[in-house]
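Structural overview
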Amino acid sequence: MSDTGLSRQLGLRSLTLAVVTSTIGSGWLFAPFYAARFAGPAALGAWLLGGLLAFALALVFAELGSLLSSSGALAQIPLLSHGRTAGFIGGWCAWVSYLALPSIEVMAVMQYLASSAPWLTADQGAGQVLSGAGLALASLLLVLLAWVNLAGVGWLARWIDGLTSWKLVVPLVVSITLMLTAGHWGNLVPLAQPVGTTLEGMVRAISSGGILFSLLGFRTAMDLAGEARQPQRTVPVAMALGLGLSLLIYLLLQLAFLVAVPPGQLGGGWAALRLSAHGGPLVALALGLGLGWVGRLLLLDAVVSPTATAMAYMGAASRVGWMMGRCGLLPNVLGRINRQAVPSVALVISLVLGIGLLLIGPGWQNVVSLLTATLVIALAMGPVSLAALRRQLPDRTRPYRLPWAGLWCPLAFVLATWAISWCGTTALRGAVLIVLVPAIGFVLLALRGRAAGARQGEEPPHGPLHFRQGLWWFLYLGGLVAITAWPLGLAAELGLLAAWALLVFPLAVHSRLVAVSPWAGVGND
């Protein structure tokens with residue numbers, strides 16, 4: 001039992017499988033199709049580039065994970081290095097993203113099952129939405145996942161271990177079967193088009209195609225660090241193993257998808273490919289090849305894989321909310337745990353908000369860009385905090401220490417900036433609104449509380465607001481919105497964004513606290 005009250009039961013195997021199950025969710029059912037439509041054969045290169053982006057961030061968080069061994073650490077890291085304002089912004093991004101992910105995964109389940117049970121969805125002109133029955137079933141599934149989480153991290157680990165074994169086997173079986181049955185290797189011939197068009201397609205595949213969305217599950221190891229044995233060692237290793245294994249599976253699956261598409265369906269190019277019948281693109285391919293058993297296996301996995309991912313992210317969301325409540329960034333009630341050492345209040349709130357999101361949620365692809373932008377904004381804090389903590393805690397033990405961090409952190413920040421912009425102008429603006437409007441509300445409420453406390457002669461319960469140390473967030477995100485609003489070519493936009501990131505990065509590091517925040521709740525757990 002850690003001094004936070006959470007129970008340390010997770011070993012390296014469970015943490016690695018948690019990363020895999022968070023990474024291989026609904027993405028493997030949809031991303032190969034959308035990536036192929038955007039980039040054609042270059043989708044393989046897009047997966048490699050997306051993997052590079054994910055690994056660049058994962059290496060940064062590997063050191064942070066070895067430094068901090070608390071569950072929900074994504075909410076703790078920016079508070080530790082830059083104080084409450086930056087801590088709220090970074091934690092809020094992570095929490096909102098995690099809240100949405102279980103609902104998105106459950107929506108993916110309903111979307112696939114609707115081919116066999118059309119009563120699960122209804123047509124509203126602009127697209128398919130959940131029907132009343134579909135909403136009830138999706139809500140019931142979320143309640144079931146919350147019940148598993150409430151039973152304790154040991155139960156959660158056993159469910160994840162069993163379901164992840166299935167999730168590793170099925171994509172491999174499907175990929176090998178499709179390649180051996182179809183084998184249209186001519187589909188891999190590069191398209192006769194300008195290089196700029198190919199690169200633009202790869203960028204869209206990474207963002208809107210769901211590649212980066214699918215590869216950001218590595219952070220689950222940090223979210224569960226407070227319940228891991230020897231977290232300083234197991235968290236970095238689990239992140240690397242889980243992400244590497246998941247990327248290999250995605251590459252194999254994308255290759256199989258590309259060579260399984262009948263050449264006759266590519267007369268209008270990859271962008272015109274339509275595989276919407278029979279419950280989704282992969283099922284359509286399998287049935288078109290006469291592989292009925294593969295189609296049935298895919299429909300079964302359409303329930304298992306996203307459900308397991310939703311279960312893992314529901315647990316992660318509750319722990320980020322718990323950490324924010326414990327540190328005073330959200331109401332203190334979220335910091336409570338039950339007799340099973342589970343943050344039960346934060347979990348129930350995550351469940352209620354998740355069901356609410358089902359009422360307004362559009363289709364899978366429509367929310368991927370917005371969700372990816374919000375997730376990467378949360379992760380962009382990592383390189384800044386790591387550079388700051390190297391100065392604030394130079395002598396603290398780090399079982400893993402990132403080599404050449406002075407060069408790697410600015411590079412990772414540039415890559416994160418590019419990834420945010422690649423999600424598209426609409427998604428970026430939406431994500432910035434999701435981040436900054438609550439942040440402004442947080443600052444105003446904090447100032448009001450401080451004024452009321454000053455009149456009564458009371459000190460703020462969670463320390464100073466540290467607004468100046470978080471001001472760089474507003475500058476950074478405002479600059480991203482302004483740059484992406486200009487009609488620039490891809491190369492010019494990337495260059496300008498890189499220059500902006502390299503300008504903001506030292507300002508952000510310099511704005512750190514003199515000493516780490518004592519309100520971040522960092523102990524020896």
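Definitions and cut-offs
Residues numbered from 1 in each chain as written. Predicted model: local features only at pLDDT ≥ 70, side-chain atom pairs only at ≥ 80, totals over all residues. Heavy atoms only, no water. Helix = DSSP H or I, 4+ residues; strand = E, 2+ residues; numbered from the N terminus. Contact = heavy atoms within 4.5 Å. Areas by Shrake-Rupley, 256 points an atom, 1.4 Å probe, with all protein chains shown as cover. 1 Å grid on protein atoms, 1.4 Å probe; cavity = no way out; pocket = protein on both sides within 12 Å on 5 of 7 lines; lining within 4 Å. Points joined across faces, edges and corners; volume = space filled by probe spheres on them. Nonpolar A, V, L, I, M, F, W, Y, C, P; charged D, E, K, R; others polar. Phe/Tyr/Trp six-rings, centres within 6.5 Å; stacked < 30°, edge-to-face > 60°. Buried < 20%, exposed > 50% of the residue type's maximum accessible area, 1.4 Å probe, protein only. Expected span 1.5 Å × (residues − 1). Axes fitted to C-alpha atoms, helices over the stretch in contact; angles between N-to-C directions. Parallel < 35°, antiparallel > 145°, perpendicular 65-115°, else oblique. Salt bridge = Lys/Arg side-chain N within 4 Å of Asp/Glu carboxyl O. Patch = residues over 30% accessible without salt bridge, like charges linked within 9 Å, V, L, I, M, F, W, Y side chains within 5 Å. pLDDT = per-residue confidence, 0-100. Core = buried A, V, L, I, M, F, W, Y, C linked by side-chain atoms within 4.5 Å.

**Here we look at the overall build of the protein**
Helices and strands together make up the secondary structure of the protein, namely 19 helices and two strands. Within the protein, residue pairs in contact and separated by at least 24 positions form 84% of the contacts whose partners lie at least 6 positions apart. Counting only carbon and sulfur atoms, one obtains 67% of the accessible surface of the protein, whose full area is about 19400 Å².

**A word on empty space enclosed by the protein**
Applying the stated rule across the entire model yields six cavities of 30 Å³ or more. Taken as a whole, the largest cavity holds about 80 Å³ of empty space. Around the largest cavity sit 13 residues that line it, and Ser-22, Glu-105, Phe-213, Ser-214 and Tyr-313 are the ones nearest its centre. For the lining of the largest cavity, the elements supplying multiple residues, two or more each, are helix 1 (12–23), helix 5 (84–113), helix 9 (211–215) and helix 13 (292–326). The residue makeup of the lining of the largest cavity, split by class, is four nonpolar, seven polar and two charged.

**Section: the packing of aromatic side chains**
All chains considered together, the criterion is met by 14 aromatic pairs. Aromatic pair Phe-88 and Trp-92: ring centres 5.5 Å apart, planes at 20°, arrangement stacked. Of the two residues, Phe-88 and Trp-92 are both situated in helix 5; the distance of four residues between them amounts to about one turn of the helix. You can call Phe-88 buried: its relative accessible area is 5%. Seen from their ring centres, Phe-413 and Phe-505 are 5.6 Å apart, and the 50° between their planes marks the pair as tilted. Here the residue Phe-413 occupies a position in helix 16 (residues 405–422), and Phe-505 occupies one in helix 19 (residues 490–510), the gap between them amounting to 92 residues. Feature note: the residues Phe-413, Trp-472, Trp-473, Tyr-476 and Phe-505 constitute an aromatic cluster, connected by ring pairs.

**What to know about the side chain of Ser-421**
You can see Ser-421 is positioned in helix 16. Assessed through its relative accessible area of 7%, Ser-421 is described here as buried. Once you skip the residues sitting within four places of it in the chain, Ser-421 turns out to touch Thr-484, Glu-493 and Leu-497.

**Here's the deal with helix 19**
Helix length check: helix 19 (21 residues) gives 30 Å between terminal C-alpha atoms against 30 Å at 1.5 Å per residue, within 8%. Listing the buried residues of helix 19 in full gives Glu-493, Leu-494, Leu-497, Ala-498, Trp-500, Ala-501, Val-504, Phe-505, Ala-508 and Val-509.

**A look at the packing of helix 5 against helix 18 (residues 467–484)**
Relative orientation of the contacting elements helix 5 and helix 18 amounts to 40°, with a least axis distance of 6 Å. Of the possible angle classes, the one that applies to helix 5 and helix 18 is oblique. Of the residues in helix 18, those in contact with Thr-85, Ala-86 and Ile-89 of helix 5 are Phe-467, Gln-469, Gly-470, Trp-473 and Phe-474. Of the residues belonging to the contact of helix 5 with helix 18, the class tally is five nonpolar, three polar and no charged.

**Remarks on helix 2 (residues 27–39)**
Counting buried positions along helix 2 yields eleven of 13 residues, so the element is predominantly enclosed. When helix 2 is considered as a whole, its buried residues turn out to be Gly-27, Trp-28, Leu-29, Phe-30, Ala-31, Pro-32, Phe-33, Tyr-34, Ala-35, Ala-36 and Ala-39. Gly-40 sits one or two positions beyond helix 2 and adopts a positive phi of about 60°.

**Observations concerning the pattern of salt bridges**
Considering all chains together, one arrives at one salt bridge under this definition. Among the salt bridges present, the one from Glu-63 reaches Arg-390, with a minimum N-O distance of 2.8 Å. Of this pair, Glu-63 sits in helix 3 (residues 43–67) while Arg-390 sits in helix 15 (residues 364–392), and the two are 327 residues apart along the sequence. In this pair, the class of Glu-63 matches that of Arg-390, namely buried.

**Brief notes about unusual backbone geometry**
The residue Trp-404 is not glycine, and still its phi comes out positive at about 50°. If you trace the backbone, Trp-404 turns up in the loop between helix 15 and helix 16. The backbone of His-466 sits at a positive phi, close to 55°, despite the residue not being glycine. Summarising the element assignment, His-466 is placed in the loop between helix 17 (425–455) and helix 18.

**Side note on the environment of Leu-358**
Here Leu-358 lies in helix 14 (residues 344–360). The spacing of Leu-358 and Gly-134 is 224 residues in sequence and 9.9 Å in space, taken between C-alpha atoms. Beyond its immediate chain neighbours, meaning those up to four positions away, Leu-358 contacts Ser-103, Met-107, Leu-130, Leu-135, Ala-138, Ser-139 and Leu-142.

**Side note on a nonpolar patch on the surface**
Taken together, the side chains of Trp-119, Leu-137, Leu-140 and Val-143 present a nonpolar region at the surface, about 400 Å² in accessible area. When you line up the elements, Val-143 lands in helix 6 (residues 132–150).

**Section: the confidence of the model for the protein**
Averaged over all residues, the pLDDT of the protein is 82; the fraction at 70 or higher stands at 86%. The weakest mean pLDDT in the protein belongs to helix 10 (residues 220–223) at 70; the strongest belongs to helix 18 at 94.

**A few points about the nonpolar core**
In this structure, Trp-28, Phe-218 and Tyr-476 are the most contacted members of the largest nonpolar core, which totals 185 residues. Of all the elements, helix 5 adds the most residues to this core, at 19 residues. With sequence-adjacent residues up to four places away left out, Trp-28 is seen in contact with Val-170, Pro-171, Val-174, Tyr-250, Leu-253, Leu-282, Leu-298, Asp-301 and Ser-305.

**Digging into the packing of helix 18 against helix 19**
At their nearest, the axes of helix 18 and helix 19 sit 10 Å apart, and the two run at 170° to each other. In terms of their interaxial angle, helix 18 and helix 19 are classed as roughly antiparallel. Only Glu-493, Leu-496, Leu-497, Trp-500, Val-504, Leu-507 and Ala-508 of helix 19 make contact with helix 18, whose side of the interface consists of Trp-472, Leu-475, Tyr-476, Gly-479, Leu-480, Ile-483 and Thr-484. For the contact of helix 18 with helix 19, the per-class residue count stands at eleven nonpolar, two polar and one charged.

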